[in-house]
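# Fold and geometry: a report
Chain residues, written in single-letter form:
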Amino acid sequence: GAGVSQSPSNKVTEKGKDVELRCDPISGHTALYWYRQSLGQGLEFLIYFQGNSAPDKSGLPSDRFSAERTGGSVSTLTIQRTQQEDSAVYLCASCSWWYTEAFFGQGTRLTVV
Amino acid sequence: KNEVEQSPQNLTAQEGEFITINCSYSVGISALHWLQQHPGGGIVSLFMLSSGKKKHGRLIATINIQEKHSSLHITASHPRDSAVYICARTSGGGADGLTFGKGTHLIIQP
């Protein structure tokens, strides 16, 4: 594809359910980021992947959150036992090796009811 | 400290006015990005630039590398331009390799 693709674009889930959010980055981009934007707030760092290195998970807000990146490409962010405060837009971005390029997904809007 | 500062935080203007949103950053960049988010909508990338100026329709983005400053201009503003505009910088890698400003909430009144 021509850009970073995130799916689903919108997700409504019941409190307590698990959700998976998917990010397809730009082919060849080694760096991948997940951010979260809660209502009325700025973008909050969640996790960073670079190539085959161990990810930087320092932004994950709780152990209910996890992410993986398979084969250095597609990434999945999983939220277990969702809570209402997890409602937010989840944004994925991928960057080229020298960070001269960055492309952004359109975000996944998660609503926990 | 690796920071991105945007101003103003909020801006209300009348249709037709020339709009300027500013972005300052504290460390060198590989690229500077401007993003747009309409209420309840997804995030759209407007510009990616590392020097000079880019134009797309009524939108113009400029960057001054020496002053570590970028501006987004909107000419002949229209109510459909009402959105949050976000500045982001990339460089260096790591968790700080991509840093966002807090956004500017723009309202264009008819």
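In this text the structure is predicted, and so the values were computed from the model without any measurement.

## Quick look at the sheet that holds strand E3 (residues 19-25) of chain B
Residue and element names in this part refer to chain B. Taking strand neighbours across the sheet as the criterion, the five strands line up as E1-E3-E8-E7-E6 in an open arrangement whose pairing is antiparallel. The open sheet is flanked by strand E1 (4-7) and strand E6 (53-56), the only strands paired with a single partner. Strand-to-strand twist of the sheet, defined as the mean angle between neighbouring strand axes without regard to direction, takes the value 15 degrees. The pairing of E1 with E3 spans four bridges and is antiparallel. By the bridge assignment for E3, Gln6 is matched with Cys23.

## Some remarks on the sheet that holds strand E1 (residues 5-7) of chain A
All names here are of chain A. On the basis of which strands lie adjacent, the open sheet formed by four strands has the order E1-E3-E7-E6 and antiparallel pairing. Unpaired on one side and paired on the other, E1 and strand E6 (65-69) mark the two borders of the sheet. Looking at each pair of strands side by side, their axes are set apart by 15 degrees on average, direction ignored. Looking at chain direction, E6 and strand E7 (residues 75-79) are connected through five bridges and run antiparallel. Each residue of the ladder has a partner; that of Ser66, found in E7, is Thr78.

## Quick notes on the interface of chain B and chain A
Counting from both sides, the interface comprises 23 residues of chain B and, opposite them, 21 residues of chain A. Summed over both sides, the interface of chain B with chain A buries roughly 1700 Å², with 64% coming from carbon and sulfur. Put simply, chain B and chain A have zero salt bridges between them. Applying the counting rule to chain B against chain A returns eight residue pairs in polar contact (both at pLDDT 80 or more). Element by element, the count of residues in the side of chain B that touches chain A is highest for strand E4 (residues 31-37) of chain B, at four residues.

Reading guide: rules and limits
- Residues numbered from 1 in each chain as written.
- Chains lettered and ligands numbered in written order.
- Predicted model: local features only at pLDDT ≥ 70, side-chain atom pairs only at ≥ 80, totals over all residues.
- Heavy atoms only, no water.
- Pairing = 2+ DSSP bridges.
- Helix = DSSP H or I, 4+ residues; strand = E, 2+ residues; numbered from the N terminus.
- Axes fitted to C-alpha atoms, helices over the stretch in contact; angles between N-to-C directions.
- Contact = heavy atoms within 4.5 Å.
- Buried area = accessible area lost by both parts, 1.4 Å probe.
- Salt bridge = Lys/Arg side-chain N within 4 Å of Asp/Glu carboxyl O.
- Polar contact = N/O pair within 3.5 Å; in protein donor to acceptor, adjacent residues only side chain to side chain.

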